[in-house]
Amino acid sequence: HYTTDIRSREENKEIIKSLYRLSVDIKKIRRLKEWVLFQDVAYVKNLANILQEMGADETTIASILERWPEAILRSPAEINSQRALWQLVCQNEKQLIKLIEQFPESFFTTEYHENQKANILFFQELGLKNNIITRFLTSAPSIFYNPVEKNKDTIKTLQRSYLSLGGSDANMKIWILKLLSQNPFILLNTSTAVQENLEFLQKNDFTNHEVLQLLSKLKGFIFQLTPTTMQKSMLFSKNVFKCSDQELKQLVLKCPALLYYSVAILEERFEGLLKEGISIEQIKETPVVLELTTQIVQYRIKKLSALGYNIKSGTLETLNGTKKDFEVSYGKIQSKKERPMFNPVAPVNIED
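Residues numbered from 1 in each chain as written. Predicted model: local features only at pLDDT ≥ 70, side-chain atom pairs only at ≥ 80, totals over all residues. Heavy atoms only, no water.

### Some thoughts on the packing of helix H4 (residues 44-53) against helix H6 (residues 76-86)
Link 1 in the chain: Running from N to C, H4 and H6 point in directions that differ by 25 degrees, and their axes come no closer than 10 Å. Our classification of the angle between H4 and H6 gives roughly parallel. Where H4 crosses over H6, the two elements pack in a sense that is right-handed. Seen from H4, the contacting residues are Asn46, Leu47, Ile50 and Glu53; seen from H6, they are Pro76, Ile79, Asn80 and Arg83.
Link 2 in the chain: Counted by class, the contact of H4 with H6 contains 4 nonpolar, 2 polar and 2 charged residues. (Axes fitted to C-alpha atoms, helices over the stretch in contact; angles between N-to-C directions. Helix = DSSP H or I, 4+ residues; strand = E, 2+ residues; numbered from the N terminus. Parallel < 35°, antiparallel > 145°, perpendicular 65-115°, else oblique. Left-handed = near helix turned anticlockwise from the far one by under 90°. Contact = heavy atoms within 4.5 Å. Nonpolar A, V, L, I, M, F, W, Y, C, P; charged D, E, K, R; others polar.)

So this is what it looks like as structure tokens:
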């Protein structure tokens, strides 16, 4: 419907001229957001002036407009309001321009201005540092679109849950701030969902201390799950490992991914490991290996095999960890292999 409407009209020549003067690649806009060029009203010059005032050069302005052409449809009043709002958490305008260039969509989404403002002030009161709030504004902008009351409600539920699980008043603030900075998207959940997930874990015989441990390990991702998905994943793992409920609980505590990943992902990862000749018993001893994608596992096994390391008889610990962790393990095995054997009986040449 929209496309037909556009085809029957002409591009706004004034918009084209103004963008051309700013060295903007019009072809790029036609390809990405052609509809912007058909609008009757746009604020190209005003926007360019405001960005210049903030310290943006011509290249930066062109880059912003090519990445997010809708920006030219925002009125000067809307842009100045956003500018004042983001200045509450940015160190200076230089940092602000950098953020606008990298994340124009977040900055120019002005429809939720009042909610954004209320949430920024709430996060500051909560004790979140400004650099964390700017990270949220750019990487998780949707949490600012919620009415502040909804975010406050979710935080209260988390605080209540933490205390009911045996957490202390003294540590609660640190716990909440850490959880939020690791995964701000927990705020997109309802208080009911948070409650249901915690109850599910308690019904599955995880002690309060263990539930807190899981929350820290899962970095709040647990709140994006549902009791149904967790139940399916746990049942699948129990069948694969052929273990008791108690054993499964211990495996989940070692590797929360067993709770977090869907059955499809777990199935693919188990299959990938078994194809490499790794046994279920080995996986059971080191379940954390399931956190790695099949591609990463294959790559690491290949590298280790080239050194003569047999993963089938060795420990899976060498496969684990981040890229950096693996490089350290790999380096140790490599240097062990390259080190010459010392023969105490061999004659020593002593030169005069």
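### What about the pattern of salt bridges?
Link 1 in the chain: With the rule as written, the count across this model stands at 12 salt bridges.
Link 2 in the chain: A salt bridge links Arg74 to Glu111; its shortest N-O distance comes to 3.6 Å. Of the two residues, Arg74 is situated in the loop between helix H5 (58-67) and H6 and Glu111 in the loop between helix H8 (104-108) and helix H9 (113-126); the sequence distance between them amounts to 37 residues.
Link 3 in the chain: A relative accessible area of 18% means that Arg74 is categorised as buried.
Link 4 in the chain: A salt bridge links Glu327 to Lys303; the shortest N-O distance between them is 3.8 Å. Of this pair, Glu327 sits in helix H21 (residues 323-338) while Lys303 sits in helix H20 (residues 294-306), and the two are 24 residues apart along the sequence.
Link 5 in the chain: Each of Glu53, Arg83 and Glu93 takes part in one network of salt bridges that share partners. (Salt bridge = Lys/Arg side-chain N within 4 Å of Asp/Glu carboxyl O. Buried < 20%, exposed > 50% of the residue type's maximum accessible area, 1.4 Å probe, protein only.)

### Re the packing of aromatic side chains
Link 1 in the chain: According to the stated counting rule, one finds 11 aromatic pairs in the structure shown.
Link 2 in the chain: When the ring of Phe241 is compared with that of Phe270, the centres are 5.3 Å apart and the planes differ by 70 degrees; the resulting orientation is edge-to-face. You can see Phe241 sitting in helix H15 (residues 227-241) and its partner Phe270 sitting in helix H18 (residues 263-275), a full 29 residues away along the chain. Comparing Phe241 with Phe270 shows no difference in burial state: the two are buried.
Link 3 in the chain: One aromatic cluster is present, built from ring pairs that chain together Phe122, Phe123, Phe136 and Phe144. (Phe/Tyr/Trp six-rings, centres within 6.5 Å; stacked < 30°, edge-to-face > 60°.)

### A word on the environment of Val211
Link 1 in the chain: Positionally, Val211 belongs in helix H14 (residues 208-217).
Link 2 in the chain: Classification of Val211 by relative accessible area gives buried; the value is 0%.
Link 3 in the chain: For the pair Val211 and Ile61, spaced 150 residues apart in the sequence, the C-alpha separation amounts to 49 Å.
Link 4 in the chain: Apart from residues no more than four positions distant in its own chain, Val211 is found in contact with Leu165, Leu198, Leu201, Gln202 and Phe206.

### Brief notes about the domain arrangement of the protein
Link 1 in the chain: If you check the domain split of the protein, you get domain 1 (9-109) and domain 2 (111-189 + 210-216).
Link 2 in the chain: Taking only C-alpha atoms into account, the centre of domain 1 sits 31 Å from that of domain 2.
Link 3 in the chain: Both sides together, the interface formed by domain 1 and domain 2 hides about 1200 Å², and carbon and sulfur atoms give 65% of it.
Link 4 in the chain: Of all residues in domain 1, Leu85, Val89 and Thr109 give up the largest surface area on contact with domain 2, accounting jointly for 47% of the area buried on that side.
Link 5 in the chain: Inspection of the domain 1/domain 2 interface yields 1 salt bridge.
Link 6 in the chain: Linking domain 1 with domain 2 are 5 residue pairs in polar contact (both at pLDDT 80 or more).
Link 7 in the chain: Secondary-structure elements contributing two or more residues to the side of domain 1 that touches domain 2 are H6 and helix H7 (93-102).
Link 8 in the chain: By residue number, the principal contributor to the side of domain 1 that touches domain 2 is H6, which donates 4 residues. (Domains from an automatic or database assignment. Buried area = accessible area lost by both parts, 1.4 Å probe. Polar contact = N/O pair within 3.5 Å; in protein donor to acceptor, adjacent residues only side chain to side chain.)

### Focus on the side chain of Ser106
Link 1 in the chain: With respect to the helices and strands, the residue Ser106 is situated in helix H8.
Link 2 in the chain: A distance of 3.4 Å separates a polar atom in the side chain of Ser106 from the backbone oxygen of Leu137.
Link 3 in the chain: Those residues within four positions of Ser106 in sequence are excluded, and the remaining contacts are Gln82, Trp86, Gln116, Leu137, Thr138 and Pro141.

### Looking at the packing of H15 against H18
Link 1 in the chain: Packing of H15 against H18 leaves a shortest axis separation of 9 Å and a crossing angle of 25 degrees. Accordingly, the angle class assigned to the pair H15 and H18 is roughly parallel. Within the contact between the two elements, H15 uses Lys232, Ser233, Phe236, Ser237, Val240 and Phe241 and H18 uses Val263, Leu266, Glu267 and Phe270.

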